[in-house]
Amino acid sequence: MKNTIRTSLTAGLLVLSMSSVFAAAPERTECIAPAKPGGGFDLTCKLLQVSLQETGQITTPMRVTYMPGGVGAVAYNAIIAQRPAEAGTLVAYSGGSLLNLSQGKFGRYSVDDVKWLAAVGTDYGMVAVRDDAPWKTLGELMEAMKQDPTKVVVGAGASIGSQDWMKTALLAREAGIDPRKMRYVAFEGGGEPVTALLGNHIQVVSGDMSEMVPHLQGGKMRVLAVMADKRLPGELAQIPTAREQGFNVEWPIIRGYYLGPKVSDADYQWWEDAFKKLVTTKEFQQQRDMRGLFEFNMFGSELDAYVKKQVATYREQAKSFGLAK
């Protein structure tokens, strides 16, 4: 009798233990894009929405909502303070979010206050010029800027302190140029600096590789360097990295998702397993490629460590330019 009771108790505890480890799929799912429709955060949420539906990992379509403000700051504060335990609610983030987080632009919350879940793709920084520009390599461009920074105007889709500015400032510093002496023009969005470059109003564009692909096919622009750890695949393999040209600058722009700080470990694990399965499917890979992203898969504790290291690196870079304390 005692053995029977002991066996029953053991079985019951095992069931309880197993139920605390394994969670079912959330009944309702939502992806918050921390911006207005049409941008990179929207792209990140739509990538997940379509892929989960196409692969049958969820039966009810994921809802995409928009919460603009501060390159993710408003959404970050809202999910922590108001919706911290919603197992079905993911928030999209990007490298730009991490850069702003490193500079204290997310208010009183830090990188430790959410659960970093998945990275599912990346873009890379790049430097481009007109096809008829006199500079054929990154070294030639930086030498021209070094000789007279006022004669080379750099344009980008964001202000001083942004990713686009930081990418160029790091290259300038590598070349021995004071970044404060650069002629930098901030535009609204990634399309305007390209138009300005083609109109010869600026000489250089600092931007993201995915934004440049359509323009490269027209033969009017030339990418001098991509800020990746190695050359990109396919037709882009002909573009050299900044590093191989002697400039120790890499700038990956990862895209992914985080959860609220009070989401259970079991629900977190369900999502981590779902993402690991999702990124191996042809449906997801096609959707990622359609959106101009390159493969970058990282999840769970590995991603958490990566994000925190990236934020610390960004903070040191920002400090060195006087942009953070």
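Before reading further, recall that the structure is shown in the block above.
Note that the structure is a prediction, hence the values are computed from the model and not measured.

Rules and cut-offs
- Residues numbered from 1 in each chain as written.
- Predicted model: local features only at pLDDT ≥ 70, side-chain atom pairs only at ≥ 80, totals over all residues.
- Heavy atoms only, no water.
- Helix = DSSP H or I, 4+ residues; strand = E, 2+ residues; numbered from the N terminus.
- Buried < 20%, exposed > 50% of the residue type's maximum accessible area, 1.4 Å probe, protein only.
- Contact = heavy atoms within 4.5 Å.
- Areas by Shrake-Rupley, 256 points an atom, 1.4 Å probe, with all protein chains shown as cover.
- Phe/Tyr/Trp six-rings, centres within 6.5 Å; stacked < 30°, edge-to-face > 60°.
- Pairing = 2+ DSSP bridges.
- Right-handed = clockwise from strand over helix to strand, strands pointing away.
- Core = buried A, V, L, I, M, F, W, Y, C linked by side-chain atoms within 4.5 Å.
- Polar contact = N/O pair within 3.5 Å; in protein donor to acceptor, adjacent residues only side chain to side chain.
- Disulfide = S-S within 2.5 Å.

Enquirer: Help me out: how do you make sense of the overall build of the chain in this one?
Expert: Within the chain one finds 11 helices and 10 strands. Across its three principal directions, the C-alpha atoms of the chain cover 90 × 40 × 35 Å. A burial count over the chain gives 50% of its 325 residues as buried. Put simply, 78% of the contacts in the chain that link residues at least 6 apart link residues at least 24 apart. If you sum the accessible surface of the chain, you get close to 15500 Å²; carbon and sulfur atoms cover 53% of it.

Enquirer: Is there a simple way to think about the packing of aromatic side chains in this case?
Expert: Pairs of aromatic rings are described using the distance from one ring centre to the other and the angle between the two planes. Evaluation of the coordinates by the stated rule reveals 13 aromatic pairs. Measuring from centroid to centroid gives 5.3 Å for Tyr257 and Phe275, while their planes differ by 25 degrees, and the two rings are stacked. With Tyr257 in strand S9 (residues 252–259) and Phe275 in helix H9 (residues 265–278), the pair connects residues that are 18 residues apart, well separated along the chain. Look at Phe275 and you get buried, because its relative accessible area is 2%. Between Phe296 and Tyr306 the ring centres are 5.5 Å apart and the planes differ by 55 degrees, which places this aromatic pair in the tilted class. Highlighted residues: Phe296 in the loop between helix H10 (282–290) and strand S10 (298–299) and Tyr306 in helix H11 (residues 300–320), separated in sequence by 10 residues. What links up through ring pairs into an aromatic cluster is the set Tyr76, Tyr93, Phe106, Trp116 and Tyr258.

Enquirer: I keep staring at the pairing of strand S2 (residues 63–66) and nothing clicks. Help me out?
Expert: Residues in a regular strand project their side chains so that they alternate between the two faces of the sheet. Note: strand S1 (residues 30–33) against S2, 4 bridges, orientation parallel. Counterpart to Glu30 in the pairing with S2 is Arg63. You can see the chain leave S1, run along helix H2 (residues 40–55) and come back into S2, and the turn it takes is right-handed.

Enquirer: Teacher, can you tell me more about the nonpolar core here?
Expert: As a rule of thumb, nonpolar side chains are buried together in soluble globular proteins. In terms of nonpolar packing, the biggest core is built from 58 residues, with Tyr76, Tyr93, Trp116, Leu141, Met142 and Leu171 touching the most fellow members. Excluding its chain neighbours within four sequence positions, the residues that come into contact with Met142 are Leu171, Ala172, Ala175, Ile177 and Phe247.

Enquirer: What is the right way to look at the environment of Glu295 in this model?
Expert: Looking at the secondary structure, you find Glu295 in the loop between H10 and S10. Once residues lying within four places of it in the same chain are set aside, the contact partners of Glu295 are Thr122 and Arg288. A polar contact is formed between the side chain of Glu295 and the side chain of Asn297, at a distance of 3.3 Å.

Enquirer: Quick question: what am I supposed to make of the state of the cysteines here?
Expert: What is meant by a disulfide is a covalent connection between two cysteines, made through their sulfur atoms. Within the structure shown, the criterion is met by 1 disulfide. Paired through a disulfide, Cys31 and Cys45 show a sulfur-sulfur distance of 2.1 Å. Disulfide Cys31 to Cys45: torsion about the S-S bond roughly -70 degrees, handedness left-handed. Here Cys45 lies in helix H2 and Cys31 lies in strand S1, a separation of 14 residues in the sequence. With a relative accessible area of 0%, Cys31 lands in the buried category.

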